[in-house]
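Here is how the chains run, residue by residue.
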Amino acid sequence: MRTIDRGRLQSLMEREQKKFVAERPKSAALFERARKSLLGGVPMNWMAKWAGAFPPFVREARGSEFFDVDGNRYVDFCLGDTGAMTGHSPSATVAAVEQQARRGITLMLPSEDSIAVGEELQKRFGLPYWQFTLTATDANRFSIRLARHITGRPKILVFNWCYHGTVDESFITLKDGVAQARRGNIGPPVDPTVTTRVVEFNDVDALEAALKDEQVACVLAEPALTNVGIVLPDPGYHKALREITRKYGTLLIIDETHTICAGPGGYTRAEHLEPDFLVFGKPIGGGVPGATYGFTQEVGECILAKHNLEDCDTGGIGGTLAGNALSLAAMRATLQKVLTPEAFARMIPMAERWTDGVARAIAEYQLPWNVTRLGCRAEYLFSPNTSRNGTEAHDAMDFELERFMHLYAMNRGILLTPFHNMALMSPVTSAEDVDLHTKVFREAAKELVG
Ligand SMILES: Cc1ncc(COP(=O)(O)O)c(C=O)c1O
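Note that this is a predicted model, so its numbers are computed, not measured.

### Some words on the nonpolar core
Judged by nonpolar contacts, the single largest core of 100 residues is most densely connected at Phe159, Trp354, Trp369 and Met425. The dominant element in this core, judged by the number of residues it contributes, is helix 12 (residues 341-364), at nine residues.

### Thoughts on the site of the ligand
Around the ligand, a shell composed of 14 residues is seen, among which Thr137, Asn227, Asp255, His258 and Lys282 lie nearest. For the ligand, a nitrogen atom lies 2.6 Å from a polar atom in the side chain of aspartate 255. Relative to its free-state accessible area of 390 Å², the ligand is covered by the protein chains to the extent of 84%. Per-class residue counts for the shell around the ligand are two nonpolar, eight polar and four charged.

### Some words on the sheet that holds strand 1 (residues 58-62)
Backbone-to-backbone hydrogen bonds join strands into a sheet, with any given pair of strands oriented parallel or antiparallel. Spatially, four strands are ordered 1-2-3-15 in an open sheet, and the strand pairing comes out mixed. The strands lining the two open edges of the sheet, one partner per strand, are strand 1 and strand 15 (414-415). Looking at chain direction, strand 3 (residues 73-76) and strand 15 are connected through two bridges and run parallel. Residue pairing for strand 15: valine 75 is matched across the bridge by isoleucine 414.

### With respect to the packing of helix 1 (residues 6-22) against helix 15 (residues 431-449)
Contact geometry of helix 1 with helix 15 gives a least axis separation of 9 Å together with a crossing angle of 130°. On the basis of the axis angle, helix 1 is oblique to helix 15. Between helix 1 and helix 15, the residues in contact are Arg8, Leu9, Leu12 and Arg15 and Glu447, Leu448 and Val449, respectively. Looking at the contact of helix 1 with helix 15, its residues break down into four nonpolar, no polar and three charged.

### Side note on the packing of aromatic side chains
Here the structure, examined in full by the defined rule, presents 22 aromatic pairs. With centroids separated by 5.2 Å and ring planes inclined at 85°, the aromatic side chains of phenylalanine 159 and phenylalanine 201 adopt a geometry described as edge-to-face. A residue pair is termed long-range when its members are at least 10 positions apart, and phenylalanine 159 in strand 5 (residues 155-159) and phenylalanine 201 in the loop between strand 8 (196-199) and helix 7 (204-211) qualify at 42 residues. Judged by relative accessible area, phenylalanine 159 falls into the buried class, the value being 1%.

### Let's talk about unusual backbone geometry
Phi at threonine 82 takes a positive value of approximately 95°, unusual for a residue other than glycine. If you trace the backbone, threonine 82 turns up in the loop between strand 3 and helix 3 (91-101). Phi is positive for serine 89, close to 50°, though the residue is something other than glycine.

### Observations concerning the pattern of salt bridges
Enumeration over the complete set of coordinates arrives at 30 salt bridges. A salt bridge links glutamate 214 to arginine 153, with the nearest nitrogen and oxygen atoms 3.9 Å apart. Of this pair, glutamate 214 sits in the loop between helix 7 and strand 9 (216-221) while arginine 153 sits in the loop between helix 5 (136-151) and strand 5, placing them 61 residues apart in sequence. Judged by its relative accessible area of 38%, glutamate 214 falls in the partly exposed class. The exposure class of arginine 153 is buried, given its relative accessible area of 14%.

### Considerations on the pairing of strand 10 (residues 251-255)
Each regular strand carries side chains that alternate between the two faces of the sheet. For strand 10, a buried count of five out of five residues is recorded, marking the element as mostly surrounded by other parts of the structure. Taking every second residue as pointing to the same face, both faces of strand 10 are buried, with Leu251, Ile253 and Asp255 on one and Leu252 and Ile254 on the other. Across four bridges, the pairing between strand 9 and strand 10 is parallel. Pairing of leucine 220 across the sheet is with isoleucine 253, part of strand 10.

### Quick look at the packing of helix 1 against helix 14 (residues 399-410)
Here helix 1 crosses helix 14 at 35°, and the two axes come no closer than 10 Å. In terms of crossing hand, the pair formed by helix 1 and helix 14 is left-handed. Each of Arg6, Leu9, Leu12, Met13, Arg15, Glu16, Gln17 and Phe20 in helix 1 lies in contact with helix 14, whose residues at this interface are Glu400, Leu401, Arg403, Phe404, Leu407, Tyr408 and Met410. For the contact of helix 1 with helix 14, a count of residues per class yields nine nonpolar, one polar and five charged.

### With respect to helix 11 (residues 325-338)
For helix 11, with 14 residues, the first-to-last C-alpha span of 19 Å sits near the 20 Å given by 1.5 Å per residue. With 11 of its 14 residues buried, helix 11 lies for the most part within the structure. Taken residue by residue, helix 11 has Ala325, Leu326, Ser327, Leu328, Ala329, Ala330, Met331, Ala333, Thr334, Leu335 and Val338 as its buried positions. Here the buried face of helix 11 lies against helix 3, helix 4 (112-125), strand 4 (129-133), strand 11 (277-280), strand 12 (291-295) and helix 12.

### Regarding the environment of arginine 373
In this fold, arginine 373 is placed in strand 13 (residues 370-374). Considered as a pair, arginine 373 and proline 192 are 181 residues apart in the sequence and their alpha carbons are 31 Å apart.

Conventions used here
Residues numbered from 1 in each chain as written. Predicted model: local features only at pLDDT ≥ 70, side-chain atom pairs only at ≥ 80, totals over all residues. Heavy atoms only, no water. Core = buried A, V, L, I, M, F, W, Y, C linked by side-chain atoms within 4.5 Å. Buried < 20%, exposed > 50% of the residue type's maximum accessible area, 1.4 Å probe, protein only. Helix = DSSP H or I, 4+ residues; strand = E, 2+ residues; numbered from the N terminus. Near = heavy atom within 4 Å. Polar contact = N/O pair within 3.5 Å; in protein donor to acceptor, adjacent residues only side chain to side chain. Areas by Shrake-Rupley, 256 points an atom, 1.4 Å probe, with all protein chains shown as cover. Nonpolar A, V, L, I, M, F, W, Y, C, P; charged D, E, K, R; others polar. Pairing = 2+ DSSP bridges. Axes fitted to C-alpha atoms, helices over the stretch in contact; angles between N-to-C directions. Parallel < 35°, antiparallel > 145°, perpendicular 65-115°, else oblique. Contact = heavy atoms within 4.5 Å. Phe/Tyr/Trp six-rings, centres within 6.5 Å; stacked < 30°, edge-to-face > 60°. Salt bridge = Lys/Arg side-chain N within 4 Å of Asp/Glu carboxyl O. Left-handed = near helix turned anticlockwise from the far one by under 90°. Expected span 1.5 Å × (residues − 1).

Everything listed here is a matter of coordinates, which is why it stays silent on function.
Rendered as structure tokens:
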């Protein structure tokens, strides 16, 4: 196994930064202009995280590729960090959006599309009732509120190094086994150690110990962690999670926003999970904002039994634009015509091809790295072994190396997520797209080892 020479890494990074800037004069000029009206020159704070000196400004995206304003082409494996997992602007979604945009965008009244989407979600995930929000963050937040409302319990439980959007309660990590606010937590309304318990993924004993006193309303879980590399559940872990949550009367919220990569019904359907709530956001509308949360008959009845008509608009679950006609038209078309079982049958083999290519290069250059896949999503991590929990995965992250790999890839027409080393396949990602990544990854590995 080789170690990476940090001096070499730094000089390669400097070379790549110069190349990045030299090849993007129009993006550079737009960035300078943007700095005068947008804080940090970007419309959202995390867009500052791209590995280049500035983000490439996009001219046009379609399918699995996009072009920046300087005419550089990129194969897009980031796909809007799953928001565009459908491929950019899928034609069925665009047609539905165009049609709906002409006949009303937001009404505060239901359209027939909402029923079609609810019925489609029932079939996919096996849960009877559905509600809509604009973001997966909100779908998680509302599920948590409802779980507290139903159980009358104050706390929630999450897994170490999870990410579920900007859910206040979830910004908590373990340091040497002690819970504390996650690094970088901006202006928390309440110390998350007051609201939340946190345990390692795949640790059944810790889970049971945390739920035993029956103070925890819900566990909010991704079925496999996807935001700190990919951490897969041990065999039998989900069975234990469900048994323990049921034993102590804790509701189980499964967040499928990323793990929808496992198949048309997400990890839940692929592995026969039985959540009380299920959350699905990001690609549900093909890139048009929208998300959903579904729940069981029992949960639905509890919610209705506690429903208060007079105050239901100001009870903490809302959103003026939630359930709008445009989002629902986009969701209907995306679910029925884009994220179909046939699409997954193309996407998953592409991710296998991507993973094989990366694994071959890792072996060829004897790098102490590994690559993991879940459905049509794959990710490499800077550790020789796959991770069993958030701590192991987080310890394997290497910000400097990650930035180099991302910048090297961008300079050669490949986009990965800016947050870690994730690649996602869309229904139109081709073998050529994947092979380009393999070639570029192999070249980066070769240069790194010298
Ligand atoms: C698993 C998971 N759930 C929820 C979210 C939140 O999605 P959004 O930012 O669209 O609200 C994310 C965002 O990355 C996520 O990874």
